[in-house]
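# Report on the structure
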Amino acid sequence: EFTRFAITTGFFWWLLINGPGFAMDIINSLRNIAAEASGLPRGLNPSTPIDIAFDIIAKAASSYSITSPMDNLSIFLTTLAILACMAIVAANVLLALVTAWIIAYAGIFVLGFGGSRWTSDIAVNYFRSVAGIALKIMTMTLLVGIAVSIIDGYHSDLSEGAPMDELLVIFVVSLVMVILVNSVPNVVAGLIPGGG
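Residues numbered from 1 in each chain as written. Predicted model: local features only at pLDDT ≥ 70, side-chain atom pairs only at ≥ 80, totals over all residues. Heavy atoms only, no water.

## Examining the overall build of the protein chain
As a reminder, the rule being used: In this text, helices come from DSSP runs of H or I with a minimum length of four residues, and strands from runs of E with a minimum of two, each type numbered from the N-terminal end. Two things to know: the radius of gyration comes from C-alpha atoms, and the globule rule equals 2.2 Å times the number of residues to the power 0.38. Three labels apply to residues, based on accessible area from a 1.4 Å probe with only protein chains included: buried if under 20% of the type maximum, exposed if over 50%, partly exposed otherwise in between. We call two residues in contact whenever any of their non-hydrogen atoms come within 4.5 Å of each other. Using a 1.4 Å probe, the Shrake-Rupley method yields the accessible areas, and only the shown protein chains count as cover for residues.
Across its full length, the protein chain holds five helices and zero strands. The C-alpha radius of gyration of the protein chain comes to 22 Å, more than 25% above the 16 Å expected for a compact globule of 196 residues. Dimensions of the protein chain, computed from the C-alpha atoms along their principal axes, are close to 85 × 25 × 25 Å. Classification of the 196 residues of the protein chain by burial places 40% in the buried group. Considering only contacts within the protein chain whose residues lie at least 6 apart along the sequence, 77% involve residues at least 24 apart. Surface summary for the protein chain: the accessible area is close to 10400 Å², and the carbon and sulfur share equals 71%.

So this is what it looks like as structure tokens:
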């Protein structure tokens with residue numbers, strides 16, 4: 001009984017000391033896997049979709065004409081909708097990253113419950129939550145990376161005149177990305193029992 005107590009307490013003490021490091025290693029490794037799979041040059045940042053939206057707005061600004069105010073208004077509203085979609089995606093990415101950091105560093109207090117056999121499940125749930133948020137960020141990185149590569153293709157082909165049909169295609173892709181980023185990562189995070 002004493003040996004079992006010493007081994008269990010020592011193991012959870014070791015987890016308590018190294019918990020945030022393990023948590024960030026789990027999160028960063030899954031982020032890197034998704035970034036490599038989706039073709040992103042580095043891990044997902046909240047600024048990635050916003051940068052693309054501002055580039056699209058800058059290209060579309062060159063197509064404004066004094067002689068056609070209705071076309072100007074439609075281009076302005078479409079680029080504004082693209083920016084809004086990208087801002088929602090960036091907010092979701094930022095929310096997931098902040099949640100991961102808070103769970104990794106502020107959630108360490110629950111690892112102290114691992115010393116007792118009656119409360120050790122609370123400490124194990126810490127790593128379940130970390131795995132759940134890591135899967136969520138991995139899925140989000142994968143989705144955003146794929147959508148950004150698609151939008152980048154349209155964006156690089158976007159002529160200086162920025163015709164309305166090309167802007168509408170980019171808007172549809174960004175709207176689909178918003179819907180997917182809002183739903184799919186939570187489903188994947190729910191694969192970990194108690195981690196979603």
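Once you've had a look at it, read on.
## Describing the side chain of Thr-139
The topology assignment puts Thr-139 in helix H4 (residues 120-157). For Thr-139, a relative accessible area of 8% translates into the label buried. Residues contacting Thr-139, with those up to four places away along its chain left out, are Val-184, Pro-185 and Val-188.

## Re the pattern of salt bridges
Quick note on the threshold: What counts as a salt bridge is simple: a side-chain nitrogen of Lys or Arg found within 4 Å of a carboxyl oxygen of Asp or Glu.
Scanning the model with the defined rule gives one salt bridge in all. The closest approach of N and O atoms between Glu-1 and Arg-4, which form a salt bridge, is 3.8 Å. We note that Glu-1, like Arg-4, is exposed.

## Considering a nonpolar patch on the surface
We apply this condition: Nonpolar side chains (Val, Leu, Ile, Met, Phe, Trp, Tyr) within 5 Å and like charges within 9 Å form the patches, drawn only from residues with over 30% relative accessible area and no salt bridge.
Together, Tyr-64, Met-70, Leu-73, Phe-76, Leu-77 and Leu-80 make up a nonpolar patch on the protein surface, roughly 590 Å² of accessible area in all. Assessed through its relative accessible area of 36%, Tyr-64 is described here as partly exposed.

## Remarks on helix H1 (residues 2-38)
Note the cut-off: Take the residue count of a helix, subtract one, and multiply by 1.5 Å to get its expected span. One axis is fitted to the seven residues ending at the residue and one to the seven starting there. The bend at that residue is the angle between these axes.
In a regular helix each residue adds 1.5 Å, so 37 residues correspond to 54 Å; H1 covers 50 Å between its end C-alpha atoms and thus fits that length. Of all the bends in H1, the largest measures some 65 degrees and sits at Asn-18, one to four residues before the proline Pro-20. Listed in full, the buried residues belonging to H1 are Phe-12, Leu-15, Gly-19, Pro-20, Ala-23, Met-24, Ile-27, Leu-30, Arg-31, Ala-34, Ala-35 and Ser-38. Note on H1: the residue one or two positions beyond its end, Gly-39, has a positive phi of about 90 degrees.

## Thoughts on the packing of helix H2 (residues 47-61) against helix H3 (residues 69-105)
Helix-helix packing is characterised by the crossing angle of the two axes and by the distance between the axes. The test is simple: Helix axes are fitted only over the stretch in contact, all axes being lines through C-alpha atoms; the angle between N-to-C directions runs from 0 to 180 degrees. Oblique is the label for every angle not falling under 35 degrees (roughly parallel), over 145 degrees (roughly antiparallel), or within 65 to 115 degrees (roughly perpendicular). Here the nonpolar group is Ala, Val, Leu, Ile, Met, Phe, Trp, Tyr, Cys and Pro; Asp, Glu, Lys and Arg are the charged ones; every other residue, Gly included, is treated as polar.
Look at H2 against H3: their axes get within 8 Å of each other, and the N-to-C directions meet at 170 degrees. Between H2 and H3, the angle is such that the two are roughly antiparallel. Residues Pro-49, Ile-50, Ala-53, Phe-54, Ile-56, Ile-57 and Ala-60 of H2 pack against Ile-75, Thr-79, Ile-82, Leu-83, Met-86, Ala-87, Val-89 and Ala-90 of H3. Its residues placed into classes, the contact of H2 with H3 shows 14 nonpolar, one polar and no charged.

## A short note on the packing of aromatic side chains
Convention followed: When the centres of two rings from Phe, Tyr and Trp lie within 6.5 Å, Trp using its six-membered ring, the rings pair. Their planes under 30 degrees apart give stacked, over 60 give edge-to-face, and anything left gives tilted.
The final tally for this structure, using the stated rule, is four aromatic pairs. Relative to Phe-12, the ring of Phe-11 has its centre 5.5 Å away and its plane inclined at 75 degrees; by these criteria the two rings are edge-to-face. Taken together, the aromatic side chains of Phe-11, Phe-12, Trp-14 and Phe-22 make up a single cluster linked through ring pairs.

## Comments concerning the environment of Leu-167
Looking at the secondary structure, you find Leu-167 in helix H5 (residues 164-189). What makes Leu-167 buried here is its relative accessible area of 0%. For the pair Leu-167 and Ile-56, spaced 111 residues apart in the sequence, the C-alpha separation amounts to 8.4 Å.

## What to know about the nonpolar core
What counts is decided by this rule: Throughout this description, the term nonpolar core refers to a set of buried Ala, Val, Leu, Ile, Met, Phe, Trp, Tyr and Cys residues connected via side-chain atoms within 4.5 Å.
Counting 49 residues, the largest nonpolar core has Ile-27, Val-144, Ile-151 and Met-177 as its most contacted members. Listed by contribution, the elements that provide at least two residues to this core are H1, H2, H3, H4 and H5. A per-element tally of this core places H4 first, with 15 residues.

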